[in-house]
Each structure stands twice: as structure tokens, then as C-alpha cells.
Amino acid sequence: MKLHHLRNATLVIETEKHVILVDPMLGKRKTIPPFTIFRYKPKRNPLVALPKNSRDILSRVTHCLITHLHPDHIDKAGEVFLRRKSVPVICSAKDEKALVQRGLSVIQTLEYWEPQLFLDGKITGVPAIHGYGFVAKLMGNVIGFHIELANEKSIYISSDTIFTEHVEKVLTELKPDIAIVACGTARLDFGQPLLMRMDDILKFTKLAPGKVFANHLEALNHCPTTRLQLKNALSDNGLLGKTVVPNDGECVEY
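A short tour of the structure in this document, coming up. (Residues numbered from 1 in each chain as written. Predicted model: local features only at pLDDT ≥ 70, side-chain atom pairs only at ≥ 80, totals over all residues. Heavy atoms only, no water.)

1. Quick look at the nonpolar core
Ranked by size, the top nonpolar core spans 24 residues in total, and within it Tyr156, Leu171, Cys183, Met196, Phe204 and Leu230 carry the most contacts. Filtering out sequence-adjacent residues up to four positions away, Cys183 remains in contact with Ile201, Ala214, Asn215, His216, Leu217, Thr225 and Leu230. Formed by 21 residues, the second largest nonpolar core is a distinct cluster that contains Val22, Leu110, Ile123 and Ile180. (Core = buried A, V, L, I, M, F, W, Y, C linked by side-chain atoms within 4.5 Å. Buried < 20%, exposed > 50% of the residue type's maximum accessible area, 1.4 Å probe, protein only. Contact = heavy atoms within 4.5 Å.)

2. A few points about empty space enclosed by the protein
This model, assessed by the stated rule, comprises one cavity of 30 Å³ or more. Quantified by volume, the largest cavity comes out at close to 80 Å³. Lining the largest cavity we find 14 residues, and of these Ala9, Ile157, Ser159, Ile180 and Asn215 sit closest to its centre. With three residues, the single largest contributor to the lining of the largest cavity is strand S11 (residues 178-182). (1 Å grid on protein atoms, 1.4 Å probe; cavity = no way out; pocket = protein on both sides within 12 Å on 5 of 7 lines; lining within 4 Å. Points joined across faces, edges and corners; volume = space filled by probe spheres on them. Helix = DSSP H or I, 4+ residues; strand = E, 2+ residues; numbered from the N terminus.)

3. Re the sheet that holds strand S10 (residues 155-157)
With mixed pairing, seven strands are arranged side by side in an open sheet as S7-S8-S9-S10-S11-S12-S13. Both outer strands of the open sheet, strand S7 (116-118) and strand S13 (243-244), are each paired with one neighbouring strand and no more. In this structure, strand S12 (residues 211-215) lies alongside S13, joined through two bridges in parallel fashion. Within the sheet, the bridge partner assigned to Val212 lies in S13 and is Thr243. Sitting on the sheet, helix H6 (residues 198-207) is in contact with S10, S11, S12 and S13, with an inclination near 175° to S11. (Pairing = 2+ DSSP bridges. Axes fitted to C-alpha atoms, helices over the stretch in contact; angles between N-to-C directions.)

4. Quick notes on the layout of surface pockets
There is about 570 Å³ of room inside the largest pocket. Lining the largest pocket are 25 residues, and of these Leu26, Gly27, Lys28, Leu50 and Ala77 lie nearest its centre. Of all the elements in the fold, those that place two or more residues in the lining of the largest pocket are helix H1 (54-58) and helix H2 (76-84). The element that contributes the greatest number of residues to the lining of the largest pocket is H2, accounting for four residues. For the lining of the largest pocket, the per-class residue count stands at eleven nonpolar, five polar and nine charged. Looking at the second largest pocket, its volume works out to about 170 Å³. Around the second largest pocket sit Tyr40, Lys41, Lys43, Leu47, Glu218, Leu220, Asn221, Cys223, Pro224, Thr225 and Thr226, which together line it. (Nonpolar A, V, L, I, M, F, W, Y, C, P; charged D, E, K, R; others polar.)

See below:
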């Protein structure tokens with residue numbers, strides 16, 4: 001299995017049979033308004049362009065998973081790509097209507113904790129809580145995915161979430177070989193962080209039974225945590241050996 005990290009939360013899972021795109025934010029730099037204006041500099045998003053090798057990787061995509069509807073996970077360019085190529089989409093049952101209205105071909109919808117057949121294996125939808133405190137209500141519903149494909153390592157896409165009992169249950173009971181965690185510690189101009197704080201990222205990484213893949217970094221104006229800060233914290237806690245903090249365009253083989 002190969003994981004291609006494109007940018008932010010956009011990645012591609014490539015197996016011998018399938019090429020699965022996750023959360024396509026495919027637009028050019030500065031095509032999305034700033035997510036904060038006061039707390040951090042009001043720069044337009046994304047802050048960085050897609051890597052040069054993304055076109056080749058995207059040309060092979062066979063399916064798409066969407067965790068939620070925020071523009072840093074599916075933007076206008078992502079929608080155009082999915083429509084143009086008629087890519088089959090898998091999402092939360094709560095997002096089906098909105099995505100169909102945008103002209104996407106939703107072929108499968110998931111409820112939380114109800115495993116379903118998926119390609120040549122199975123997929124389970126996992127609740128994701130997008131923020132600490134009241135801000136999570138404003139962020140709406142988010143779904144993570146635990147995926148088990150035939151003859152491949154199992155993978156947990158935790159998505160935009162804080163550390164919860166649901167996350168803990170996946171790590172300790174489903175025991176994914178690869179666990180993906182959003183590490184940018186995003187914050188709006190009000191409220192607490194929308195993603196795990198560093199202590200929760202470290203807790204997630206410690207609990208993960210296999211390898212950890214860190215994303216959602218250095219691409220948006222409301223995500224202050226840098227790759228270097230994350231690597232230093234992981235290193236200080238003896239966790240860097242089990243964690244990959246990929247650069248945009250990097251491919252990691254498992």
C-alpha cells in the first residue's frame with residue numbers, strides 16, 4: 001500500500017487494485033477566504049500550491065472518500081474533478097444529499113459504527129468531533145473511516161477530530177496498522193481548537209498500535225502547528241520512530 005500525501009488532508013491511498021482519493025481540496029493557492037482574520041494573519045487559503053506530481057496521481061483515482069463538507073476538505077475544484085471524471089463517492093449518510101445536489105455520484109453512504117462491504121473488504125464509519133467545547137457544534141458532522149481491504153494493511157482516517165472515546169476505541173479495539181491524524185491544531189477567531197492539541201496528538205500516537213501518518217499541516221491560515229514543532233514534540237516523547245510527517249507530494253510505502 002502507498003499513501004500519497006498531496007496537501008492538507010488531501011491524500012491518495014493506492015493499492016494494487018484501487019486508488020482512493022480522500023478529501024479533495026484541489027484548488028489553486030488563495031482560492032478560499034481566510035479562516036481567521038484576527039487570531040492569525042488573514043491569508044487566503046490554501047497557502048501552498050498542489051505538488052507537481054499530483055496530476056499524475058489524480059489521473060489514476062478510482063474512488064473518493066469525503067469526511068465532511070468544509071472547503072478545506074472538498075472545494076470547488078475538487079467537485080469539478082469528481083464530476084468530470086464521474087468518480088464514485090463514499091461519504092456519511094448525513095452528507096449524501098448535499099453532495100448529490102453538487103452533482104457528485106455518491107455510491108455508498110455510512111452510518112457511525114455500522115461496518116459495510118467496501119471494494120474487496122470492509123469499511124466502518126467512525127464519529128469525529130470537530131473541536132473542543134461549543135465550537136464542535138458549529139462545525140457540523142464529520143465522519144472518520146476504518147478501512148480493511150483484502151491483503152492490505154488496515155487504515156484509520158480519523159479526520160478532523162479531537163481525541164474522544166470513539167478514537168480510542170478504534171485504536172485499541174480495531175487496531176489499525178496505519179492511523180492518520182490531523183495535526184494542525186486549527187483555531188477560528190473564537191473558541192477552542194478545532195483539532196487535537198499537542199497533548200492529544202501525542203496520546204493518539206502512543207495508543208496507535210502501528211504506524212501514524214500526520215497531516216493537515218502548513219496549508220491553511222488557521223492551522224498554526226508546523227511540521228517542525230510536531231516532529232520536535234514527537235521526538236521529545238520517543239514517538240518519531242512510528243510517525244511519518246510527510247511533505248506535500250511525498251509517497252509513503254507500507
